[in-house]
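If you want the building blocks of each chain, they are given just below.
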Amino acid sequence: MQITKHKVASIHYTLTDNDGKILDSSSGREPLTYIQGIGNLIPGMEEGLEGKSKGEKLSLKISPEKGYGVKDEALTQRVPRTAFGGQEVKVGMQFQTNQGGVVTVTHVGLSEITVDANHPLAGVELNFAVEIMDIRPATEDEIAHGHVHGPGGHHH
């Protein structure tokens, strides 16, 4: 069986940047289980896994355009320190906005704090080492709900 639209695939992966720094990994955890072809993964990952079979090991290099997007400088802004109340704010901290988005603190000044609403991996070329552990057809319920049920998936 191959990974095609509406197949449930279970994969182990390690994600690194171009310097070899590990950014994320499923090592030591259950495999990542998802439904192919419905946007559960970044576009470059779904494209790279399309047509692959159980047991295959592959490397995928994904451009920002097919990953978390190109960094948009318009999503970086300076806000008054007073907007954070009296709490301590450090570079790397994340806050939810009133609109439901997430911003990451990139600079802390005396009177202003710079926040970035880009995804933390926006603008980063992604390198995935992937091993395909299992493939099965998605159930009608899984397709209707847009996610995997049972082991490795969502429990209602």
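Up top is the structure these notes are about.
Residues numbered from 1 in each chain as written. Predicted model: local features only at pLDDT ≥ 70, side-chain atom pairs only at ≥ 80, totals over all residues. Heavy atoms only, no water.

**Re the overall build of the protein chain**
Reasoning step 1: Scanning the protein chain from N- to C-terminus turns up two helices and nine strands.
Reasoning step 2: For the protein chain, whose C-alpha radius of gyration is 19 Å, the value lies well above the compact-globule estimate of 15 Å for 156 residues.
Reasoning step 3: On the principal axes, the C-alpha backbone points of the protein chain span a range of 60 × 40 × 30 Å.
Reasoning step 4: When burial is assessed residue by residue, the protein chain has 34% of its 156 residues classed as buried.
Reasoning step 5: A separation of at least 24 residues holds for 63% of the contacts in the protein chain among residues at least 6 apart in sequence.
Reasoning step 6: Put simply, the protein chain shows about 9,400 Å² of open surface, and 50% of that area lies on carbon and sulfur atoms.
Reasoning step 7: In the protein chain, 14 side chains carry a positive charge and 20 a negative one; their mean positions are 2 Å apart. (Helix = DSSP H or I, 4+ residues; strand = E, 2+ residues; numbered from the N terminus. Rg over C-alpha atoms; globule rule 2.2 N^0.38 Å. Buried < 20%, exposed > 50% of the residue type's maximum accessible area, 1.4 Å probe, protein only. Contact = heavy atoms within 4.5 Å. Areas by Shrake-Rupley, 256 points an atom, 1.4 Å probe, with all protein chains shown as cover. Lys, Arg positive; Asp, Glu negative; His and termini not counted. Charge placed at Lys NZ, Arg CZ, Asp CG, Glu CD.)

**Overview of the pattern of salt bridges**
Reasoning step 1: As enumerated under the stated definition, the model contains eight salt bridges in all.
Reasoning step 2: Between E112 and R78 there is a salt bridge, and its shortest N-O distance comes to 3.9 Å. One end of the pair, E112, is in strand β8 (residues 112-116); the other, R78, is in strand β5 (residues 76-80), with 34 residues separating them in the sequence. (Salt bridge = Lys/Arg side-chain N within 4 Å of Asp/Glu carboxyl O.)

**Some remarks on the side chain of D116**
Reasoning step 1: Its place among the elements puts D116 in strand β8.
Reasoning step 2: In terms of polar contacts, D116 uses its side chain to reach the side chain of K71, at 2.4 Å.
Reasoning step 3: Side-chain polar atoms of D116 contact the side chain of N118, separated by 2.7 Å.
Reasoning step 4: Setting aside its immediate chain neighbours within four residues, D116 contacts K71, L75, T76, V102, V103, T104 and T106. (Polar contact = N/O pair within 3.5 Å; in protein donor to acceptor, adjacent residues only side chain to side chain.)

**Structural notes on the sheet that holds β5**
Reasoning step 1: With respect to topology, four strands assemble into an open sheet ordered β5-β8-β7-β6, the strand pairing being antiparallel. Two strands lie at the open edges of the sheet, namely β5 and β6 (94-96), each paired on one side alone. The average undirected angle you get between the axes of adjacent strands in this sheet is 40°. (Pairing = 2+ DSSP bridges. Axes fitted to C-alpha atoms, helices over the stretch in contact; angles between N-to-C directions.)

**Some details on the nonpolar core**
As a rule of thumb, soluble globular proteins bury nonpolar side chains together.
Reasoning step 1: Counting 19 residues, the largest nonpolar core has M45, L49, L60, F128, V130 and I132 as its most contacted members.
Reasoning step 2: Looking at this core, the elements that each hand over two or more residues are β1 (7-16), α1 (43-49), β4 (57-62) and β9 (126-137).
Reasoning step 3: The residues contacting L60, other than those within four sequence positions of it, are M45, G48, L49, L126, N127, F128 and V130.
Reasoning step 4: Among the nonpolar cores identified, the runner-up in size contains eight residues, and F84, V89, F95 and I113 belong to it. (Core = buried A, V, L, I, M, F, W, Y, C linked by side-chain atoms within 4.5 Å.)

**What to know about the environment of V91**
Reasoning step 1: Tracing the backbone shows V91 in the loop between β5 and β6.
Reasoning step 2: A sequence separation of 36 residues divides V91 from N127, and the C-alpha atoms of the two residues are 25 Å apart.
Reasoning step 3: Ignoring sequence-local partners within four residues, the contact set of V91 consists of V105, T106, H107 and V108.

**Concerning the environment of T16**
Reasoning step 1: As for its position among the elements, T16 is in strand β1.
Reasoning step 2: Expressed as a C-alpha distance, the spacing of T16 and M1, which sit 15 residues apart in the sequence, is 28 Å.
Reasoning step 3: Other than its neighbours up to four places away in sequence, T16 contacts K21, I22, L23, E125, L126 and N127.

Interpretation note: all reported values are geometric properties and have no functional meaning in isolation.
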